[in-house]
Amino acid sequence: MEIPSQSQDIISADLESVGKVALNSGFRIAVGGKGGVGKTTVCSVLTQLFQKDGFDVLAIDADSDTNLASALGIPESQAPAPLIGMKHLIAERTGTGKDAVGAYFKMNPEVSDIPERYWRQHNGFKLLVLGGIKRAGAGCACSEGAFLRALLTHIILQRKEMVLVDLDAGVECMGRSSIEGIDALVVVVEPGSRSIETALNISQMAKKLNIKQVVAIANKITDLQQVNDIASQLNGIPLLASIQHSVPVQQADIARTNVFEASSELVDQLSEAKQTLMSMIAST
Ligand SMILES: Nc1ncnc2c1ncn2[C@@H]1O[C@H](COP(=O)(O)OP(=O)(O)OP(=O)(O)O)[C@@H](O)[C@H]1O
Ligand SMILES: [Mg+2]
């Protein structure tokens, strides 16, 4: 589906280098947005597109409802358990074990061994399931938050390595600043004002975290007017792609099969978005 001209203008400056993007170091991308907009769907396809491009991809599921494995077509029995549920591990690393005094915990727990110990290799990419922090209002002031933040900031990337994070729904995950230091934030929106409102809030918080690239992807589109409406309400957030509402994508969710194989249109749209995003990251 076409992207309206005003968004084309915003992204066209970087398009010349598409296909020739050379990044000297690895990079981190997080995918966020309102609940149910398609974050996990987008994340699973991007994971596989980057992997097919020759990147060593670490996909991180940081959502409370850990279902990135399902969208990647990984059977439930083979999906790694969420790290956030491993209370003893977090307690041990953050110093909140049974002998701990009061509510103090280490803000920089030792996590260097965690990724390799807990990720699973699958079809050429790695999946690490963190899970989200469910405690209401926990913000960053909890040991799980410190653990998650340390983990995301710890991972040092070489050239041709990249991390993709499937975030929890809404804006709360931004408050934890666990995604500080990522190179780009992709916000998924759908037709209607509510997901756009969330995207604008997320974008404002991203600026405070110094995240340089915040871009949007419109999903579940049923007519071009919806794309125009979304583009005009995004307050300058570049719209990288618009993805049509697709019954095969829904069916893949029902059947727990790899969404990448469900719709070639979805893959093509996200392939273009990926190239544009890479050139944007390379230019910063
Ligand atoms: N383009 C699309 N066409 C039709 N259905 C879609 C499309 N994209 C996603 N969906 C469906 O919408 C539902 C939500 O998608 P998904 O799980 O990717 O969203 P999410 O933002 O990750 O949700 P959550 O906030 O619960 O994590 C799923 O049933 C998925 O199959
Ligand atoms: Mg999700």
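Bear in mind the structure is a predicted one, so any value in this text is a computation, not a measurement.

This paragraph deals with the site of ligand 1. Close to ligand 1 lie 19 residues; K39, T40, T41, D63 and D253 are nearest. The separation between an oxygen atom of ligand 1 and a polar side-chain atom of K220 is 3.0 Å. For the shell around ligand 1, the secondary-structure elements that each account for two or more residues are α2 (39-52), β7 (213-221), β8 (239-244) and α10 (247-255). Among the residues making up the shell around ligand 1, the classes are represented as 4 nonpolar, 10 polar and 5 charged.

Another point: the pairing of strand β5 (residues 161-167). In terms of burial, β5 is largely enclosed, as 6 of its 7 residues are buried. The sheet contact formed by strand β2 (residues 56-62) and β5 spans 7 bridges and is parallel. Note on β5: the bridge partner recorded for A62 is L167.

A separate point is the side chain of K126. Relative to the helices and strands, K126 is located in strand β4 (residues 125-129). The buried category is assigned to K126, whose relative accessible area is 12%. Discounting chain neighbours no more than four positions away, the residues touching K126 are D56, V57, L58, A59, W119, R120 and Q121.

This paragraph deals with the nonpolar core. The biggest cluster of nonpolar side chains holds 44 residues, and the ones touching the most others in it are I60, L83 and L185. For this core, the secondary-structure elements that each account for two or more residues are β2, α4 (87-94), α6 (143-154), β5, β6 (184-189), α8 (193-208), β7 and α9 (224-233). No other element matches the 5 residues that α6 contributes to this core. Contact partners of I60, with chain neighbours within four places excluded, come to L68, L128, L130, L152, I155, V163, L164, V165 and D166. Membership of the second largest hydrophobic core comes to 42 residues, among which are F55, V57, A69 and A273.

So, about the sheet that holds β8. If you trace the 8 strands from one edge of the open sheet to the other, you get β3-β4-β2-β5-β1-β6-β7-β8, paired in mixed fashion. Edge strands, defined here as strands with exactly one partner in the open sheet, are β3 (120-122) and β8. Strand-to-strand twist in this sheet, taken as the mean axis angle between neighbours without regard to direction, amounts to 20°. In terms of strand pairing, β2 meets β4 through 4 bridges, oriented parallel. From the neighbouring strand, L58 faces β4, where its bridge partner is K126. Contacts from α2 reach β1 (27-33), β2, β4, β5, β6, β7 and β8 within the one sheet, and its direction differs from that of β5 by about 170°.

Of all the residues in α9, the buried ones are Q226, V227, I230 and A231. Looking straight down α9, one finds that the buried residues subtend no more than 130° of arc, so they occupy a single side. Two or three places before Q225, at the start of α9, stands the capping residue D223, its side-chain oxygen 3.0 Å from that residue's backbone nitrogen. Directly beyond the C-terminal end of α9, a positive phi value near 50° is found at N235.

Conventions we followed
- For every chain, the first residue of its written sequence is number 1, and the numbers climb from 1 along that sequence.
- All chains are assigned letters beginning at A, and all ligands numbers beginning at 1, according to the order in which they are written.
- At least 70 in pLDDT is required for a residue's local features to be given in this predicted model, at least 80 for side-chain atom pairs to be given and counted, and no such filter applies to totals for whole chains, interfaces and linings, which use all residues.
- Water and hydrogen atoms were dropped before computing side-chain values, which therefore reflect all heavy atoms in the structure.
- By convention in these notes, a residue is near a molecule or strand provided one of its non-hydrogen atoms lies within 4 Å of it.
- Think of a polar contact as two N or O atoms within 3.5 Å of one another; within protein, one of them needs to be a possible hydrogen donor and the other a possible acceptor, and neighboring residues in sequence only count if both atoms come from side chains.
- Runs of E in the DSSP output that reach at least two residues are strands. Runs of H or I that reach at least four are helices, and both are numbered from the N terminus.
- In this classification, the charged set is Asp, Glu, Lys and Arg, the nonpolar set is Ala, Val, Leu, Ile, Met, Phe, Trp, Tyr, Cys and Pro, and all remaining amino acids, among them Gly, are polar.
- Burial classification: accessible surface area is computed with a 1.4 Å probe over protein chains only, and a residue below 20% of its type maximum counts as buried, one above 50% as exposed, and the rest as partly exposed.
- Note: two strands are recorded as paired if DSSP finds a minimum of 2 bridges between them.
- Residues count as neighbours in contact if any of their non-hydrogen atoms are within 4.5 Å of one another.
- In these notes, a set of buried Ala, Val, Leu, Ile, Met, Phe, Trp, Tyr and Cys residues joined through side-chain atoms within 4.5 Å is what counts as a nonpolar core.
- Axis angles are defined between N-to-C directions and span 0 to 180 degrees, where every axis is a line fitted to C-alpha atoms and, for a helix, only to the segment in contact.
- Starting at the helix axis, one direction is taken to each C-beta atom, and the arc is that of these directions.

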